[in-house]
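Letter by letter, the chains look like this.
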Amino acid sequence: MNATERFLRYAAIATRSDAAAASTPSTACQFDLARVLAGELRDLGLERVRLTDNCFVYGFLPEDQPCLGLIAHMDTAPDFPGEGVKPQLHPNYDGGDIVLPATGEVLSPDRFPDLRGLKGKTLITTDGSTLLGADDKAGVAEIMAALERVIASGRPHGPVAVAFTPDEETGLGIAGFDVEGFGAAYAY
């Protein structure tokens, strides 16, 4: 499964955090994505895959080299609805306005000048009714796609420690991170 397919799958899973909560995860729905990711890590053959009571997902791809860590967060901002996400694909973007079908809101290169440099690319947007969740489900999708590619290639590689964390949006999620158990001195 490529990163786009993974992102579309993950974006459809509600993971909105709650800044008013005192626990981690701040919302139980974050476990829905965590369980999917733990299962996919196991399916890829990673070792030491675990899902903690605080909704952290860890996995390890071993080799006898210094370890590279990859981390992304699963939650989405609490400011907008995160349930019922309907990602919109815009293949071969023409460089013009993008109309979000649910609201009629327009993403214009005049308002968002970076769009001009994306002509010819495939863009993914929300339909306008919800948050898309690209921060950081796109990072989750890229990590999973990279793991799959590294494993499928059969090429030598260093060890890779993977973690998916809850509640980045509230600022509280990292408090329960198991640094020692993660197994990497450095991570991206």
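Residues numbered from 1 in each chain as written. Predicted model: local features only at pLDDT ≥ 70, side-chain atom pairs only at ≥ 80, totals over all residues. Heavy atoms only, no water.

> Please clarify how the overall build of the protein should be interpreted in this entry.
Helix and strand counts for the protein come out as 4 helices and 8 strands. Written out in order from the N terminus, the α and β elements of the protein read α-α-β-β-β-β-β-β-β-α-β-α. When the backbone C-alpha atoms are referred to their principal axes, the protein occupies close to 50 × 45 × 25 Å. Taking all 188 residues of the protein together, 43% fall into the buried category. (Helix = DSSP H or I, 4+ residues; strand = E, 2+ residues; numbered from the N terminus. Buried < 20%, exposed > 50% of the residue type's maximum accessible area, 1.4 Å probe, protein only.)

> Just checking my understanding: could you explain unusual backbone geometry for this structure?
Of all residues except glycine, most have a negative phi; of all peptide bonds, most are trans. The omega torsion of the bond from Thr24 to Pro25 falls at 5°, within 30 degrees of zero and hence cis. For Pro25, the location among the structural elements is in the loop between helix H1 (3–11) and helix H2 (30–44). The amide bond that connects Asp135 to the next residue, Asp136, takes the cis arrangement and shows omega of 15°. Tracing the backbone shows Asp136 in helix H3 (residues 134–153). Positive phi, normally seen in glycine, also occurs at Cys55, with a value near 75°. Judged by its relative accessible area of 0%, Cys55 falls in the buried class. Despite not being glycine, Asn92 shows a phi value in the positive range, around 50°. Residue placement: Asn92 occurs in the loop between strand E4 (88–90) and strand E5 (98–99).

> Mind showing me how you'd approach the environment of His90 here?
With respect to the helices and strands, His90 occurs in strand E4. For His90, a relative accessible area of 19% corresponds to the buried category. Here His90 is in contact with Ile98, Lys121, Thr122, Leu123 and Thr125, once residues within four sequence places are set aside. Looking at His90, its side chain comes within polar contact range of the side chain of Thr125, at 2.9 Å. (Contact = heavy atoms within 4.5 Å. Polar contact = N/O pair within 3.5 Å; in protein donor to acceptor, adjacent residues only side chain to side chain.)

> Before we go on, may I ask you to explain the packing of aromatic side chains in this structure?
Working definition: an aromatic ring pair is given by the centre-to-centre distance plus the angle between the planes. Per the stated rule, a full pass over the model turns up 4 aromatic pairs. Relative to Tyr58, the ring of Phe56 lies with its centre 6.1 Å away and its plane at 15°, an arrangement referred to as stacked. Geometrically, the ring pair formed by Phe56 and Phe177 is edge-to-face, given 6.1 Å between the ring centres and 65° between the ring planes. Separated by 121 residues along the polypeptide, Phe56 in the loop between strand E1 (47–51) and strand E2 (57–61) and Phe177 in the loop between strand E8 (160–165) and helix H4 (179–182) bring together distant segments of the chain. Here Phe177 falls in the buried class, since its relative accessible area comes to 15%. (Phe/Tyr/Trp six-rings, centres within 6.5 Å; stacked < 30°, edge-to-face > 60°.)

> When you look at the sheet that holds strand E3 (residues 68–73) in this model, what are you seeing that I'm missing?
Sheet strands associate in pairs through backbone hydrogen bonding, adopting either a parallel or an antiparallel arrangement. With mixed pairing, 4 strands are arranged side by side in an open sheet as E1-E2-E8-E3. On the outer flanks of this sheet lie E1 and E3, each paired with one strand and no other. Strand-to-strand twist of the sheet, defined as the mean angle between neighbouring strand axes without regard to direction, takes the value 10°. Where E1 and E2 come together, 3 bridges link them in antiparallel fashion. Residue pairing in the sheet places Leu51 in a bridge with Val57 of E2. (Pairing = 2+ DSSP bridges. Axes fitted to C-alpha atoms, helices over the stretch in contact; angles between N-to-C directions.)

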